[in-house]
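Residues per chain, in single letters:
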Amino acid sequence: ERPAHDRTTAPALAHALTLSRRRLVADYHASLAQRALDAARPPTAGRSSAPPAASTRSNGSVVMLSLVDERTVVADVEIARLAATLKAVADHELRELGALLAALAGDEQVTRNRLALHPDAHAHALWDAARQLPADGDLPVAFMHRAAQPLAVALRRHWAAACTRLEDAGIVAAAYRTVII
């Protein structure tokens, strides 16, 4: 049986999706396209992955303090949950596609991040689209929960079809090595 909050948000979610389905799809595709472009760009000197500046105490120890918005935490949890679902459902297809793309690029080493549109990119793009739903009643969260399994199945089929097309074109997968330490 579904949780109570799921039963109460279902009608509101259905109504919101009826009104904004096309926009959700367009926003998802736009965000995914932007993520693909960003992944294709080489890193620039202007981008920094360094943490924000910290204050230093007189004894030399560093203190890092920051406020975290609850919506940011919810977004991070939902994105991670969706990415984990996508990886779990389509792990085999992701590995195979990564090996085929490595062979296509001439790489002998297969890396986990070979795909520009990996599951995390899809999860972020779907969250970007879901944010346009009304926040009352946690509709973006409900949408992410409801969309996880159908999206995972659709992407699994898409990635499997991509593998088939590459194999039909004569691409032979690169060796995927596992190192056990």
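Just so you know, these numbers come straight off a predicted model, no measurement behind them. (Residues numbered from 1 in each chain as written. Predicted model: local features only at pLDDT ≥ 70, side-chain atom pairs only at ≥ 80, totals over all residues. Heavy atoms only, no water.)

**Student:** Tell me what's going on with the environment of Ala-173, and back it up with residues and numbers.
**Tutor:** Structurally, Ala-173 can be placed in the segment after α5 (139-168). For Ala-173, a relative accessible area of 40% puts it in the partly exposed group. C-alpha of Ala-173 to C-alpha of Ala-103: the two residues are 70 residues apart in sequence and 5.6 Å apart in space. (Helix = DSSP H or I, 4+ residues; strand = E, 2+ residues; numbered from the N terminus. Buried < 20%, exposed > 50% of the residue type's maximum accessible area, 1.4 Å probe, protein only.)

**Student:** Go over helix α2 (residues 70-89) with me, naming the residues and quoting the values.
**Tutor:** An α-helical segment advances 3.6 residues per turn. Residues three or four places apart therefore align on the same side. Between its first and last C-alpha atoms α2 spans 29 Å; for 20 residues at 1.5 Å apiece the expected length is 28 Å, and the two agree. If you check which residues of α2 are buried, you get Ala-75, Glu-78, Ile-79, Leu-82, Ala-83, Thr-85, Leu-86 and Val-89. Viewed end-on, α2 has its buried residues packed into an arc of 160 degrees, placing them on one side of the element. When the buried face of α2 is taken as reference, the exposed residues oriented beyond 90 degrees from it are Glu-70 and Ala-88. Buried residues in α2 make contact with α3 (91-105), α4 (119-130) and α5. (Expected span 1.5 Å × (residues − 1). Arc of directions from axis to C-beta. Contact = heavy atoms within 4.5 Å.)

**Student:** Help me get a handle on the environment of Gly-106, residues and values and all.
**Tutor:** With respect to the element layout, Gly-106 can be found in the loop between α3 and α4. Taking relative accessible area as the criterion, Gly-106 reaches 54% and is therefore assigned exposed. In this structure, the C-alpha to C-alpha distance between Gly-106 and Ala-174, residues 68 residues apart in sequence, is 8.6 Å.

**Student:** Can you lay out the nonpolar core for me, pointing to particular residues and giving the numbers?
**Tutor:** Membership of the largest hydrophobic core comes to 39 residues, with the highest contact counts inside it found for Tyr-28, Leu-82, Leu-97, Leu-126, Leu-133, Phe-143 and Leu-151. With 14 residues, α5 is the single largest residue contributor to this core. Setting aside anything within four residues of it in sequence, one finds Phe-143 in contact with Leu-13, Leu-17, Leu-24, Leu-126, Ala-130 and Leu-133. (Core = buried A, V, L, I, M, F, W, Y, C linked by side-chain atoms within 4.5 Å.)

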